[in-house]
Amino acid sequence: MTARAPGPTSRPGARDTAWRADMNPIARPALAMIMGTLAFAQPVASQARAVQTTHATTTAKDHAALTARNRAIITAFAHQFYTLRQVRAAFDAYVAPDYIQHNPGLADGREAAVAGLATMFADPGHSFEIRHIVVDGDLAAVHLFVKPDPAARGAAVADFYRLKDGKIAEHWDVIQPIPAQSANSHPMF
């Protein structure tokens, strides 16, 4: 057995919080933030493990194949929908008829989505620039720069999709308007 240097983990019977008292006061807020993040992540990690155990037959190779297949589907859908603006064709080809919609401004179903989006996508002043596409298993995200007209600052939009049996089955979105001023110098894209 090797000897350990004295420290917070080597104190017999010490609680996690006991060693923080003599910590550099500048580091204390950072540690609190990290510990809060870890405390939040623990239940999420447990849920992820629970989901993984229910799908025990899925191997890493199966997951990679599912991801690759869904990446091809989402990339083709995004090109046809956002770039070519062929709303009807994109939804008919890639979206399930019983599509679940989490945007409160649109009803469930493929037809409701087409009816609600066709006018906006037909407007030549509207622009939709795909910035990122991320796919993992049956989940996908498309990060966009959207402008309702050329003079507008626009918004960062993230569309999240769940795929099932090769079709988009569910959608969520988040819209973040681009402010006139930013508290930092980082671009939104």
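Residue numbering note: each chain is counted from 1, following its sequence as written. Totals for whole chains, interfaces and linings use every residue, but because this is a predicted model, local features are given only for residues with pLDDT of at least 70 and side-chain atom pairs only at 80 or more, for both listing and counting. Only heavy atoms go into the side-chain values, all of them from the structure, while hydrogens and water stay out.

> Explain the packing of helix H2 (residues 60-83) against helix H3 (residues 87-94) here, please?
The axes of two packed helices give the description: the angle between them and the distance between them. Here an axis means a line fitted to C-alpha atoms, over the contact stretch when the element is a helix, while the angle between two N-to-C directions is reported on a 0 to 180 degree scale. Per the convention used, a helix needs a DSSP run of H or I reaching at least four residues, while a strand needs a run of E reaching at least two, with both numbered from the N terminus. Look at H2 against H3: their axes get within 8 Å of each other, and the N-to-C directions meet at 160°. Taken together, the axis directions place H2 and H3 in an arrangement best described as roughly antiparallel. When the axes of H2 and H3 are compared, the crossing they make is left-handed. Listed contacts from H3 to Ile73, Ala76, Phe77, Gln80 and Phe81 of H2 are Val87, Ala89, Ala90, Phe91 and Tyr94. Only Asp, Glu, Lys and Arg are considered charged, only Ala, Val, Leu, Ile, Met, Phe, Trp, Tyr, Cys and Pro nonpolar, and every remaining residue, Gly among them, polar. In the contact of H2 with H3, the residues fall into nine nonpolar, one polar and no charged. Angle categories are assigned with fixed cut-offs, so that under 35 degrees is roughly parallel, over 145 is roughly antiparallel, 65 to 115 is roughly perpendicular, and the rest are oblique. If you view the pair so one helix is near and one far, a crossing is left-handed when the near helix is turned anticlockwise from the far one by less than a right angle, and right-handed when it is turned clockwise. Between two residues, a contact is recorded if the distance between any of their heavy atoms is within 4.5 Å.

> Explain the nonpolar core to me, please; I cannot follow it from the model alone.
For soluble globular proteins, the rule of thumb is that nonpolar side chains tend to be buried together. Each nonpolar core is a collection of buried residues, namely Ala, Val, Leu, Ile, Met, Phe, Trp, Tyr and Cys, held together in the definition by side-chain atoms within 4.5 Å. Whether a residue is buried, partly exposed or exposed follows from its accessible area with a 1.4 Å probe, protein chains only, as a fraction of its type maximum: under 20%, in between, or over 50%, in that order. In this structure, Phe81, Tyr82, Phe91 and Tyr161 are the most contacted members of the largest nonpolar core, which totals 27 residues. Secondary-structure elements contributing two or more residues to this core are H2, H3, strand E1 (95-101), helix H4 (110-122), strand E2 (127-136), strand E3 (139-147) and strand E4 (155-164). The dominant element in this core, judged by the number of residues it contributes, is H2, at six residues. Leave out the neighbours within four places in its chain, and Tyr82 touches Phe77, Phe121, Phe128, Ile130, Val142, Leu144, Asp159 and Tyr161.

> Just checking my understanding: could you explain the side chain of Asn103 for this structure?
When you line up the elements, Asn103 lands in the loop between E1 and H4. There is a polar contact of 2.8 Å between the side chain of Asn103 and the side chain of Asp173. For Asn103, the residues in contact, after removing those within four places along its chain, are His171 and Asp173. Between N or O atoms, a polar contact is any pair within 3.5 Å; within protein, one atom must be a potential hydrogen donor and the other a potential acceptor, and residues adjacent in sequence are included only when both atoms are from side chains.

> Would you take a moment to explain the pairing of strand E5 (residues 167-177) for this structure?
Regular strands place side chains that alternate from one sheet face to the opposite one. The pairing criterion for strands is at least two bridges between them, as found by DSSP. Where E1 lies against E5, three bridges are found, and the strand directions are parallel. Each residue of the ladder has a partner; that of Gln101, found in E5, is His171. Sheet topology places E4 next to E5; ten bridges connect them, and they run antiparallel. Following the sheet pairing, Lys164 is matched in E5 by Lys167. Here E4 folds back onto E5 in antiparallel fashion, the turn holding two residues, of which Asp165 has a positive phi close to 55°.

> Looking at this model, I keep getting lost on the pattern of salt bridges. Mind explaining?
Between side chains of opposite charge, a pair can form as their charged atoms come close. Any carboxyl oxygen of Asp or Glu within 4 Å of a side-chain nitrogen of Lys or Arg constitutes a salt bridge here. Under the counting rule described, the total for this entry stands at four salt bridges. In this structure, Asp92 and Arg88 form a salt bridge, with 3.5 Å as the shortest nitrogen-oxygen distance. Of this pair, Asp92 and Arg88 both sit in helix H3, separated by four residues, roughly a single helical turn. For Asp92, a relative accessible area of 36% gives the class partly exposed. Under the relative-accessibility criterion, Arg88 is labelled partly exposed at 39%. The closest approach of N and O atoms between Arg162 and Glu170, which form a salt bridge, is 2.6 Å. Sharing partners across several salt bridges, the network here consists of Arg88, Asp92 and Glu111.

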